[in-house]
Amino acid sequence: IETRYTSYCKQVAARSDMSQGSQESPSIWLRSRGEPSLADVFRSVSVAPSSSTWRKFLTFLGPGYLVAVGYMDPGNWATSLAGGAQFGYTLLVVALVSNIMAVVLQSLCARLAVATGRDLAQACRDAYPPYMAWPLWLLAELAICATDLAEVIGTAIGLNLLFGIPLEIGVLITGLDVFIILWLQTKGFRWVEAFIITLLGVIALCFAIQIAMADPDWGEVIRGFAPTTQVVTNPNMLYIALGIIGATVMPHNLYLHSGIVQTRAYGHTLPEKREALKYATLDSTVALTFALMINAAILILAAATFHKAGHTDVAELGKAQELLQPLLGASIAPSLFAIALLCCGLNSTVTATMAGQIVMEGFLRLRLAAWLRRLVTRLVAIVPAIAVTLIYGEGQTAKLLILSQVVLSLQLPFAVVPLVMLTASKARMGELVAPRWLTLVAAVIAAIIIVLNLKLIFDVATGA
């Protein structure tokens, strides 16, 4: 790892010129920042310059799917189930708009990583004074803890539904993903990506079968993607819509994407970086489109089964699973739902652990042994998950998921705003600075997310 990183610094120092508008050479900036986050997989996936377009796309394919995991985690399941059960297909347009927001923000993450060679945590640490960087780190850790809370609980619920394992024991079992990551990374980062993509395939297959059983009204499905004023005029619908947006755009994904893009050993010249940015953005866009399909599938399933049958109060994952068999008339339906939830929870805990590693190393430059680093990150989530599970009990898991989304909503502006500002800086980004139109679109998206999430927080706090 040290040899690979030293070689990388020498290559950048040899090829980089003084950036326009910057007071120092990018190579000096790089050498001064220390070892990169995720050093054990940093630039470990080689990119052959002479490869065909298709092979280069396949080389960059992977990080986007790790990011997409965060857009279909158990927190999303709760909001999508509630939306579909209460309002049928109407809120599909909200899922679509949320996904468009995510595509824009994740493209900025890839741009930041390729242009500067650093992740969002490192960029924030170096761009802001300590009195600002430290609070940003604390808020990022809080967000990851909240993310892990939802994902650990989701995995535990999946284990409970499939094998009858109590939630408290299931939460402890989720700690084993630490060893899964360690084992896979010894084989290479591509193995981690293959593991994630395989589980995503299982999730997609499970929902495809369930939707085929539910036989939804496809005309209503298509109309559900059309904008409607009901989302704003109906207070209850607006509340669920805000929850969907708050559960979709998650802060830990911004840190994660800007870190794992750098697992690719792309070139250091401007044309090579532009090419890397093109393929990284394409990868994340395709992956997030896949995530939209999964989120839409959850909402469609809820609309075609629960809403159609008059069960408009379904939000608990366990209750949803219980109702599927009598409504669909197939004993396999509840098992497919539980398998998909378990795969989703496993995927999410793996990616959240990696995001925690990026945040810890990027903000603090804290280097721990790989197993200890991941174990600490996992314990940060497991301890509160067990405590909250014991307090709320197994029958109130929806409250846990909603609580985690509210915490994420609080932290989201502190990740989105620095990302937009950093990628708009010519001095930091050089020739790969975000175009003004992209910065404007991202700024509008950030403002919308902030306002809607503040509205969600206010409603939860006041009981509206």
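Each chain has its residues counted from 1, running along the sequence as written. Confidence filtering applies because this is a predicted model: local features only for residues at pLDDT of at least 70, side-chain atom pairs given and counted only at 80 or more, and all residues used for totals across whole chains, interfaces and linings. Remark: hydrogens and water are excluded; side-chain values derive from all non-hydrogen atoms of the structure.

### Some remarks on the overall build of the protein
Secondary structure elements are taken from DSSP: a helix is a run of H or I of four residues or more, a strand is a run of E of two residues or more, and numbering for both begins at the N terminus. The secondary structure content of the protein amounts to 23 helices and two strands. Here the protein holds 464 residues, and 59% of them are scored as buried. Throughout, a residue-residue contact means that at least one pair of heavy atoms, one from each residue, lies within 4.5 Å. Taking contacts inside the protein between residues at least 6 apart in sequence as the whole, the part at least 24 apart equals 84%. For the exposure calls, accessible area comes from a 1.4 Å probe over protein chains only, and a residue counts as buried if that area is under 20% of its type's maximum, exposed if over 50%, partly exposed in between.

### Let's talk about the packing of helix 11 (residues 189–214) against helix 18 (residues 332–364)
Helix axes are fitted to C-alpha atoms over the stretch in contact, other axes to C-alpha atoms as well, and angles between N-to-C directions run from 0 to 180 degrees. At a closest axis distance of 9 Å, the pairing of helix 11 and helix 18 adopts a crossing angle of 155°. The orientation of helix 11 relative to helix 18 falls into the category roughly antiparallel. Considering only the axes of helix 11 and helix 18, their crossing is left-handed. Here the nonpolar group is Ala, Val, Leu, Ile, Met, Phe, Trp, Tyr, Cys and Pro; Asp, Glu, Lys and Arg are the charged ones; every other residue, Gly included, is treated as polar. Of the residues assigned to the contact of helix 11 with helix 18, the class counts are 23 nonpolar, three polar and no charged. Should an angle fall under 35 degrees it is taken as roughly parallel, and over 145 as roughly antiparallel, whereas 65 to 115 is taken as roughly perpendicular and any remaining angle as oblique. In this scheme, a crossing is called left-handed if the near helix is turned counterclockwise away from the far one by less than a right angle; it is called right-handed if the turn is clockwise.

### Describing the packing of helix 8 (residues 130–163) against helix 18
Close contact between helix 8 and helix 18 brings their axes to 8 Å; oriented N to C, the two are set at 160°. Here helix 18 runs roughly antiparallel to helix 8, going by the angle between their axes. Crossing handedness for the pair helix 8 and helix 18: left-handed. Residues belonging to the contact of helix 8 with helix 18 are distributed by class as follows: 23 nonpolar, nine polar and three charged.

### Side note on a nonpolar patch on the surface
Every patch collects residues that have over 30% relative accessible area and no salt bridge, joining them within 9 Å if they carry like charges and within 5 Å if they are nonpolar side chains (Val, Leu, Ile, Met, Phe, Trp, Tyr). For the area figures, the Shrake-Rupley method with a 1.4 Å probe applies, and any residue is considered shielded solely by the protein chains shown. Basic side-chain nitrogens of Lys or Arg form a salt bridge, by our definition, when they fall within 4 Å of a carboxyl oxygen of Asp or Glu. Together, Ile-169, Leu-172, Ile-173, Leu-176 and Phe-179 make up an exposed nonpolar region whose accessible area comes to about 470 Å². No other element matches the three residues that helix 9 (residues 167–173) contributes to the nonpolar patch.

### Digging into the pattern of salt bridges
Taken as a whole and judged by the stated rule, the model has eight salt bridges. Residue Arg-264 is joined to Glu-193 by a salt bridge in which the shortest nitrogen-to-oxygen separation is 2.6 Å. With a gap of 71 residues between them, Arg-264 in strand 2 (residues 264–265) and Glu-193 in helix 11 connect regions that are remote in the sequence. Judged on exposure class, the residue Arg-264 and its partner Glu-193 are both buried. The partner of Arg-223 in a salt bridge is Glu-220, with the nearest N and O atoms 2.9 Å apart. With a gap of three residues between them, Arg-223 and Glu-220 both fall in helix 12 (residues 218–224), about one helical turn apart. When its relative accessible area of 53% is taken as the criterion, Arg-223 is described as exposed.

### Description of the packing of aromatic side chains
The description of an aromatic ring pair uses the distance of the two centres, along with the angle that the planes make with each other. Two rings from Phe, Tyr or Trp (for Trp, the six-membered ring) form a pair when their centres sit within 6.5 Å of each other. Planes less than 30 degrees apart are called stacked, planes more than 60 degrees apart edge-to-face, and all others tilted. Scanning the model with the defined rule gives five aromatic pairs in all. Aromatic pair Phe-60 and Tyr-279: ring centres 5.8 Å apart, planes at 15°, arrangement stacked. Placement of the pair is Phe-60 in helix 3 (residues 53–60) and Tyr-279 in helix 16 (residues 270–309), with a sequence separation of 219 residues. For the pair Phe-60 and Tyr-279, a shared accessibility class is recorded, and that class is buried. The criterion is that NZ of a Lys, or CZ of an Arg, lies within 6 Å of the ring centre and within 35 degrees of the ring normal, and then a charge sits over that ring. Just above the ring of Trp-191 sits the side chain of Lys-187; from NZ or CZ to the centre is 5.2 Å. Looking at Lys-278, its charged tip hangs above the ring of Tyr-279, at a distance of 4.7 Å from the centre.

### Focus: the confidence of the model for the protein
Of the residues in the protein, 83% reach a pLDDT of 70 or more, and the chain-wide mean stands at 80. A residue's pLDDT is simply how confident the predictor is in it, with values from 0 to 100. Below a pLDDT of 50 lies the segment residues 12–33, which in the model reaches 39 contacts outside its immediate sequence neighbourhood of four places, other chains included.

### Remarks on helix 11
Between the first and last C-alpha of helix 11 there are 38 Å, a value that for 26 residues agrees with the 38 Å anticipated at 1.5 Å per step. For helix 11, the full list of buried residues reads Phe-189, Val-192, Glu-193, Ile-196, Leu-199, Leu-200, Ile-203, Cys-206, Phe-207, Gln-210, Ile-211 and Ala-214. Once helix 11 finishes, Asp-215 follows within two positions and takes phi at roughly 50°, a positive value. A helix is expected to span 1.5 Å multiplied by its residue count minus one.

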